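Residues per chain are reported as follows:
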Amino acid sequence: RMHMAVLETHIFKAHNNIYIEQPEENYKTREIRTEIVFPDCVNENTGMLVLIPGYGGNIDSHVFRKMREVFAEQYNLITVQCDYFGNKFMDVKQPEEMKLIATMENIVNAEIYYKVEDFETVEEFNDMGIMQAIDIVSSTICAIYEIIRKGYVFNTNKIILFGTSHGAYLAHLANIICPTLYTGLIDVSSYIKPYFMKQARNLTLHAERIKWTNIYRYLIMKDKSYQYNEKLYDLSFLYQFIENRCKIIALQGTEDWMVSAEEKEAWISNLENAQLLMIHPDEVDGVLCKNADHGLGLDFFELFKILMPSLDNIIGQTKLEINFPKELTIGNGNICIKIGYENGLPEIRTITW
């Protein structure tokens with residue numbers, strides 16, 4: 001018989017925007033869209049997979065929609081993906097002007113540089129950090145409450161984060177701010193600190209007779225007042241303050257222009273429960289990965305075929321209960337993030353600016 005995954009869209013309450021004055025109750029003003037796909041039959045062996053896109057991907061991207069459905073069915077996973085804070089400003093859009101110029105007949109070969117600025121507001125922007133991570137954690141927890149509400153049991157010892165590039169970075173941040181929740185993390189080309197905090201993002205699109213480069217300057221880069229203490233964006237600093245129980249599998253290309261392979265190797269080798277698969281150009285097979293550069297040109301479906309059996313072995317026995325920390329301080333005395341879980345969802349108490 002045909003197995004059918006069940007697709008659901010949920011609107012969950014989300015943490016207030018920490019960059020503007022807000023009422024005391026942290027889950028009062030914002031909402032977040034979350035897509036959940038249930039496999040045909042949820043049981044105590046069913047795990048959960050939280051998908052986190054980076055730049056050029058979002059909740060409506062074709063590849064993520066397909067992953068949510070295919071992975072739910074193939075690997076007995078409840079797949080979860082949220083439209084996290086500022087994610088919509090990280091996608092690639094063709095500017096109207098480009099379409100217009102492309103129709104002009106007298107253009108032979110044009111190279112155009114187009115500054116994209118002021119596309120974000122303080123209401124929502126790509127904050128590259130804690131707001132995005134808190135959305136991922138709170139939507140994971142809301143999804144768990146939804147599963148319980150439906151009367152299902154599932155294996156809470158198999159809650160896996162998956163992200164590429166900035167999405168992988170956010171997977172690490174989510175693991176840090178809720179270190180008792182996630183049990184597996186697949187990191188494809190994560191940096192240790194966000195790259196576009198300091199650099200503009202150049203994105204070249206090709207059309208007939210036109211080479212068009214968008215230069216994105218994110219609000220957080222232009223206006224430093226929206227940045228909290230820079231150590232709190234640094235994974236190698238943040239991981240020192242938690243006991244990492246999550247099994248981390250990181251993939252990294254030696255030719256990555258955004259992430260130094262040496263730095264990544266040094267960092268992962270010091271991290272408890274983490275292993276690094278370093279991809280050299282001569283190991284590129286054209287099936288699993290297309291290059292040894294940033295993102296590796298990975299085929300996610302091939303990757304999961306390889307990784308899921310080994311993750312199953314690592315994760316071990318089934319567990320049905322969930323434990324949250326009551327309160328968490330990540331950082332040292334004067335540079336820290338404090339998060340409380342007393343109300344069942346993560347709430348930012350203090351953050352050092």
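Up top is the structure these notes are about.
My aim in this report is to walk through the structure given alongside it, one point at a time. Remember, it's a predicted structure, so these values are computed and weren't measured experimentally. (Residues numbered from 1 in each chain as written. Predicted model: local features only at pLDDT ≥ 70, side-chain atom pairs only at ≥ 80, totals over all residues. Heavy atoms only, no water.)

Considering the overall build of the protein
Move 1: Of the regular secondary structure elements, the protein holds 8 helices and 14 strands.
Move 2: Taking 2.2 N^0.38 as the reference for a compact globule, 353 residues should give roughly 20 Å; the C-alpha atoms of the protein span a radius of gyration of 20 Å, in line with that estimate.
Move 3: For the protein, the spread of C-alpha atoms along the principal axes amounts to about 65 × 50 × 40 Å.
Move 4: Among the 353 residues that make up the protein, the fraction classed as buried is 56%.
Move 5: A separation of at least 24 residues holds for 75% of the contacts in the protein among residues at least 6 apart in sequence.
Move 6: When the accessible surface of the protein is summed, it comes to about 15,700 Å², and 49% of that surface belongs to carbon and sulfur atoms. (Helix = DSSP H or I, 4+ residues; strand = E, 2+ residues; numbered from the N terminus. Rg over C-alpha atoms; globule rule 2.2 N^0.38 Å. Buried < 20%, exposed > 50% of the residue type's maximum accessible area, 1.4 Å probe, protein only. Contact = heavy atoms within 4.5 Å. Areas by Shrake-Rupley, 256 points an atom, 1.4 Å probe, with all protein chains shown as cover.)

A short note on the nonpolar core
Move 1: In terms of nonpolar packing, the biggest core is built from 90 residues, with M48, I136, L161, Y182, Y218 and Y239 touching the most fellow members.
Move 2: In terms of residue count, the dominant contributor to this core is helix α3 (residues 130-149) (11 residues).
Move 3: Filtering out sequence-adjacent residues up to four positions away, L161 remains in contact with V50, I52, I136, A171, A174, N175, Y182, G184, L185 and I186.
Move 4: One finds C289, L298, F304 and L307 within the second-largest nonpolar core, a separate group that totals 25 residues. (Core = buried A, V, L, I, M, F, W, Y, C linked by side-chain atoms within 4.5 Å.)

Quick word on the packing of aromatic side chains
Given two aromatic rings, their pairing is described by the distance between the two centres and the angle made by the two planes.
Move 1: Tallied over the full model, the rule gives 28 aromatic pairs.
Move 2: Seen in terms of ring centroids, Y19 and Y226 are 6.3 Å apart; in terms of plane orientation they differ by 80°. Their pairing is edge-to-face. With Y19 in the loop between β1 (6-14) and β2 (30-38) and Y226 in the loop between α5 (219-222) and α6 (235-238), this pair connects stretches of sequence that are 207 residues apart.
Move 3: With a centroid separation of 5.5 Å and 70° between ring planes, the pair formed by F119 and Y218 is classed as edge-to-face. (Phe/Tyr/Trp six-rings, centres within 6.5 Å; stacked < 30°, edge-to-face > 60°.)

Quick word on helix α7 (residues 261-269)
Move 1: All buried positions along α7 are accounted for by A261, K264, W267 and I268. Around the axis of α7, the buried residues are gathered within 130° of arc, so they sit on the same side. Across α7 from its buried face, at more than 90 degrees, point the exposed residues E262, E263 and S269.
Move 2: Where α7 is buried, its residues contact α4 (166-177), β7 (184-188), α6, β10 (247-253) and β11 (274-279). (Arc of directions from axis to C-beta.)

A closer look at the sheet that holds strand β12 (residues 327-332)
Move 1: Here 3 strands make up an open sheet; going across it, the order is β12-β13-β14 and the pairing antiparallel. Looking at the sheet topology across the chains shown, the edges are occupied by β12 and β14 (347-351). The mean inter-strand angle of the sheet, taken between neighbouring strand axes irrespective of direction, is 15°.
Move 2: Looking at chain direction, strand β13 (residues 335-340) and β14 are connected through 4 bridges and run antiparallel. The partner of K338 across the bridge, within β14, is T350. (Pairing = 2+ DSSP bridges. Axes fitted to C-alpha atoms, helices over the stretch in contact; angles between N-to-C directions.)

A look at the side chain of N26
Move 1: Here N26 shows up in the loop between β1 and β2.
Move 2: In this structure the side chain of N26 is engaged in a polar contact, spanning 3.0 Å, whose partner is the side chain of E347. (Polar contact = N/O pair within 3.5 Å; in protein donor to acceptor, adjacent residues only side chain to side chain.)

Some words on the sheet that holds strand β8 (residues 201-207)
Move 1: Spatially, β5-β9-β8 is the arrangement adopted by the 3 strands of the open sheet, whose pairing is mixed. Two strands lie at the open edges of the sheet, namely β5 (110-116) and β8, each paired on one side alone. Strand-to-strand twist in this sheet, taken as the mean axis angle between neighbours without regard to direction, amounts to 20°.
Move 2: Pairing between β8 and strand β9 (residues 210-216): 7 bridges, direction antiparallel. The partner of A207 across the bridge, within β9, is I210.

Describing unusual backbone geometry
Move 1: Located in the positive-phi region is S165, a residue other than glycine, with phi close to 55°.
Move 2: The topology assignment puts S165 in the loop between β6 (159-164) and α4.
Move 3: You can call S165 buried: its relative accessible area is 11%.
Move 4: The phi dihedral of L296 falls on the positive side, at around 65°, and the residue is not glycine.
Move 5: Position of L296 among the secondary structure elements: in the loop between β11 and α8 (300-315).
Move 6: The exposure class of L296 is buried, given its relative accessible area of 0%.

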